[in-house]
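Understanding the architecture of this molecule
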Amino acid sequence: MAEGGGSVQRLRRQLESNSFQAEQYVKLLSQQSDGDRDLQEHRQRIQSLADETAQSLKRNVYQNYRQFIETAKEISYLEGEMYQLSHILTEQKSIMESVTQALLYTDRSEAARELQTAFPKEAEEGKVRNLTTLLEKVEGCKNLLETPGRYLVYNGDLTEFDVDNMALIQKVHAFLMNDCLLIATSVPNRRGIYKYNALHNLDDLAVVNVKENPPMKDMFKILMFPESRIFQAENAKIKKEWLEILEQTKKNKALNEKQKQEETTPQLPVVPEIPANPFIDEDGTFDEVEVDLTIDWIQELPEDLDVCIAQRNFEGAVDLLDKLNSYLEDKPLTHPVKELKSKVDERVRQLTDVLVFELSPDRSLRGGPKATRRAVSQLVRLGQSTKACELFLKNQAAAVQTAIRQLRIEGATLLYIHKLCNVFFTSLLETAKEFEMDFAENHGCYSAFIVWSRLALKMFVDAFSKQVFDSKESLSTVAECVKVAKEHCKQLSEIGLDLTFILHTLLVKDIKAALQSYKDIVIEATKHRNSEEMWRRMNLMTPEVLGKLREEMRNCGINNFDQYTGDDCWVNISYTIVAFTKQTMAFLEEALKLYFPELHMVLLECLMEIILVAIQHVDYSLRCEQESEKKAFIRQNASFLYENVLVVVEKRFEEGVGKPAKQLQELRNSSRLVRVNPESTTSVV
Amino acid sequence: MAANKNKNQSSLVLHKVIMVGSGGVGKSALTLQFMYDEFVEDYEPTKADSYRKKVVLDGEEVQIDILDTAGQEDYAAIRDNYFRSGEGFLLVFSITEHESFTATAEFREQILRVKAEEDKIPLLVVGNKSDLEDRRQVPMDEARGKAEEWGVQYVETSAKTRANVDKVFFDLMREVRTKKMSENKDKNGKKSGKSKKGFKQRC
């Protein structure tokens, strides 16, 4: 037996091996066999092996099958869970929707109110979007979205029963919109997808609570002539919700339609509306607490508001609104209150519109910022501070622009600039003060003012530049004008507003250009003079003129000019160098008047360019001159240039700017070599 | 849906009855007494409740569907939708409140208007609260006279003592049954006159 078992094992291994070849195996077998008995035995062995294999195969299949079933079970369980999850999610979504709905109605906070009146469209759009996503799940009802202003109020799963015999018909999903009820049936095999079944107009249907009477439970009936349908909610609570929400929606719809009719005929007296509708007040089932709206002033409120608006008594209108709001503050939001509110809100909108029109820039430009105070302060009281701020600033911008335009352009630029600065900065100051007064409570608006100031300043600079820079005024006039503007700008700091930096930023480009163009003039003039250089002493003809020149040089900061003057009327320096000194110093003085840090490099470069022209001229002349007498004269000029003029320029620059100009020093020092050792430079050129 | 109604022939015949009348005259009390043999003392205004019960009418088992409507004025606008679904009407007033009796004329007008395309509409005038004889404001003769003028039956009931409660419901069901039977005969002759909208005065 053991031997037999061993041979079976061997046989199996043989058959199982990868390299097993049936043909070869049979061949080998037939070669080895010595009779049919042997073959018979072999066949039996193979047979038993086949049986055994079949058995184990069966066992394996069975085991796999069991595992398969288990997996399938698990999957269906998971599917169920997912379904539940999606159901819970939709439920929660509808809860969130109803919460936001409720919040929209009840949230009386300033912000919400402002938001609602300011952006009523956006809130509605959100609702519509909500509807869109939900209706995407329902086949065949895209046209529902074509009605503007339609939004989803409530939705949920229901089970429909036969009205006559209470037999179960189908599972449905009902969507309640603000004006209609959509019934959709679920599509088999596709969870969360529904198919259009019926659409009922809310006006045409009546809701009936079906009293509990086994087997009828948690049911309600929808009557729409001539048919009716019975639906079963999941539980009593959901059924109650459906009943309440259906009724409320129907009521709201009727109310809205009434309101629309009212709006189309606004001339009709609206006062009797509130008291003449006692049924709403009697509706005790709905409003747990009644709010007394029969007080005289509340009854007359809507009309009084109309009167106030018509008489442009905006303060009175806002006073009335405040009174109403404080009266209603701790009152519940019952139906009649809502109705009253919607009436009042309509008037608030009217009032806002009128005030906005009051503030529109083409209306009340004269009278300065104070003229707008009335409208602005009322708008702020209405909770529309953002709008008020925006309008006020727009209005002021227009006013400033007109004021600037109305200024007569004077022949003398400086005079015009004086006037311009006066007009602009005064109105800026006034606006700022007015702004501070009107929006004292609304700190959030201050940034808007800063932004506005920047824009206004831009406007000012445009006008300023047009006059000062475009007309190619002399640098001294430019410097004077800029100084005036800067001084005015500094005055703003008394109200805590410093626009100097912005002014600089706006002006820097034009000033740079002015400096550069003036530098070009100086260079051109210097070159022209140099071309006619004779290297001769200056004869000023009279001692008076020499005295004048001395004075001028002293003013330029050159104190030892006397060293270079001869007797009577002679100056031991060439005319070109003297003229250059005067012009450069004048340029430097004006430029320093304009100076602010952004201009540092430009000014420095300009100065270096100018100085380089003179230095090159002197150096070149020194190299080329052969006459030793003239050479000595040129040396004298050079020493005057280097040791006096350039030093003074550096000193003035440092004084005016507040830091030493290293570049200028380097320029002077690098050139000294040339001057000290002029012979060596011949090879350089 | 209309097809569903006729689908299940095995189910019982259903008579749809609507309770009509001013607020507080006892429509719900009558209904509850008929349904559950109990008298509810507390007053709570109804919005719209529907009841259903199996009863034996002249040896035949039928179902009655009672729609108990709101009497309050603010439901007036949506009342049309309720009335359309009814086959028979119990026009209820309180004998202790003359105004409620006067109001019946308006309710009747509304029913006729809503169901204008139908011939005689099954309707009973019901004077409720007959147990409060000492506070009677509507004389029996006046009510009876009105009912005769309209060509309908007048019955006085008490939801409290259950006097005549069953009678009014059963009498109304009989009228509904009679009307349905005659309509079925008519239908064999010509196609239903229901869809046509004729505004003739009837009753």
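As annotated in UniProt, chain A is Exocyst complex component 8 from Xenopus laevis. The UniProt entry for chain A carries this comment under Function: "Component of the exocyst complex involved in the docking of exocytic vesicles with fusion sites on the plasma membrane." Recorded in UniProt under Subunit, the annotation for chain A is "The exocyst complex is composed of exoc1, exoc2, exoc3, exoc4, exoc5, exoc6, exoc7 and exoc8."

1. A word on the overall build of chain A
For chain A, the helix and strand inventory stands at 22 helices and 10 strands. Put simply, chain A shows about 38,300 Å² of open surface, and 53% of that area lies on carbon and sulfur atoms.

2. Comments concerning the packing of aromatic side chains
Applying the stated criterion across every chain, the model contains 23 aromatic pairs over all chains. Ring-pair connections join several aromatic residues into one group, and the members of that group are A:Phe392, A:Phe435, A:Phe439, A:Tyr446, A:Phe449 and A:Trp452. Geometry around A:Trp570 places A:Arg537 over its ring, the cationic atom sitting 4.7 Å from the centre. Sitting over the ring of B:Phe34, B:Lys53 keeps its end group 5.1 Å from the ring centre.

3. Re the pairing of strand 3 (residues 60-69) of chain B
Residues and elements named next belong to chain B. The buried fraction of strand 3 is high, at eight of 10 residues. Bridge analysis of strand 1 (residues 13-21) against strand 3 gives seven bridges, and the strand direction is parallel. For Lys16, the partnering residue across the bridge sits in strand 3 and is Asp65. Bridge count between strand 2 (residues 48-57) and strand 3: 10 bridges; the pairing is antiparallel. Bridging across to strand 3, Arg52 finds its partner in Asp65. Between strand 2 and strand 3, which pair antiparallel and follow one another directly, the connecting turn spans two residues, one of which, Asp58, has a positive phi of 50°.

4. Brief notes about the confidence of the model for chain A
Detailed reading of the predicted coordinates is not advisable wherever pLDDT falls low. Residues and elements named next belong to chain A. Confidence in the prediction of chain A, expressed as mean pLDDT, is 79, and 86% of residues score 70 or more. Between the elements of chain A, mean pLDDT differs from a low of 43, seen in helix 7 (residues 278-282), to a high of 89, seen in helix 17 (residues 500-531). Counting contacts from residues 677-685, a segment whose pLDDT is below 50, to residues more than four positions away or on other chains yields nine contacts.

5. Section: the side chain of A:Thr576
Residue and element names in this part refer to chain A. You can see Thr576 is positioned in helix 19 (residues 575-594). The exposure class assigned to Thr576 is buried, which follows from its relative accessible area of 4%. For Thr576, the side chain forms a polar contact with the side chain of Ser574, separated by 3.0 Å. Look past the residues within four positions of Thr576 in its chain and what remains in contact with it is Arg529, Asn530, Glu533 and His617.

6. Notes on the pattern of salt bridges
Under the counting rule described, the total for this entry stands at 33 salt bridges over all chains. Among the salt bridges present, the one from A:Arg229 reaches A:Glu160, with a minimum N-O distance of 2.8 Å. Remark: A:Glu160 occurs in strand 2 (residues 152-161) and A:Arg229 occurs in strand 8 (residues 227-232); sequence separation between them is 69 residues. For the residue pair A:Arg229 and A:Glu160, the accessibility class agrees, reading buried in each case. Among the ionic contacts, a cluster of salt bridges with common partners joins B:Asp58, B:Lys167, B:Asp171, B:Arg174 and B:Arg177.

7. Looking at empty space enclosed by the protein
Throughout the structure, instances matching the rule amount to four cavities of 30 Å³ or more. Here the largest cavity is characterised by a volume of approximately 80 Å³. Contributing to the lining of the largest cavity are A:Val208, A:Lys221, A:Leu223, A:Ser228, B:Lys16, B:Val17, B:Ile18, B:Ser50, B:Asp65, B:Leu67, B:Ser85 and B:Gly86. Mapped onto the lining of the largest cavity, the elements with two or more residues apiece are strand 7 (219-224) of chain A together with strand 1 and strand 3 of chain B. For the lining of the largest cavity, the element with the most residues is strand 1 of chain B, which contributes three residues. Of the residues assigned to the lining of the largest cavity, the class counts are five nonpolar, four polar and three charged. In this structure, the second largest cavity occupies an estimated 50 Å³ of space. What lines the second largest cavity is simply A:Leu255, A:Lys258, A:Gln259, A:Glu262, A:Glu339, A:Ser342 and A:Lys343.

How each quantity is defined
- Residues numbered from 1 in each chain as written.
- Chains lettered and ligands numbered in written order.
- Predicted model: local features only at pLDDT ≥ 70, side-chain atom pairs only at ≥ 80, totals over all residues.
- Heavy atoms only, no water.
- UniProt positions renumbered as here; feature names shortened; annotations may be inferred.
- Helix = DSSP H or I, 4+ residues; strand = E, 2+ residues; numbered from the N terminus.
- Areas by Shrake-Rupley, 256 points an atom, 1.4 Å probe, with all protein chains shown as cover.
- Phe/Tyr/Trp six-rings, centres within 6.5 Å; stacked < 30°, edge-to-face > 60°.
- Lys NZ or Arg CZ within 6 Å of the ring centre and 35° of its normal.
- Buried < 20%, exposed > 50% of the residue type's maximum accessible area, 1.4 Å probe, protein only.
- Pairing = 2+ DSSP bridges.
- pLDDT = per-residue confidence, 0-100.
- Contact = heavy atoms within 4.5 Å.
- Polar contact = N/O pair within 3.5 Å; in protein donor to acceptor, adjacent residues only side chain to side chain.
- Salt bridge = Lys/Arg side-chain N within 4 Å of Asp/Glu carboxyl O.
- 1 Å grid on protein atoms, 1.4 Å probe; cavity = no way out; pocket = protein on both sides within 12 Å on 5 of 7 lines; lining within 4 Å.
- Points joined across faces, edges and corners; volume = space filled by probe spheres on them.
- Nonpolar A, V, L, I, M, F, W, Y, C, P; charged D, E, K, R; others polar.

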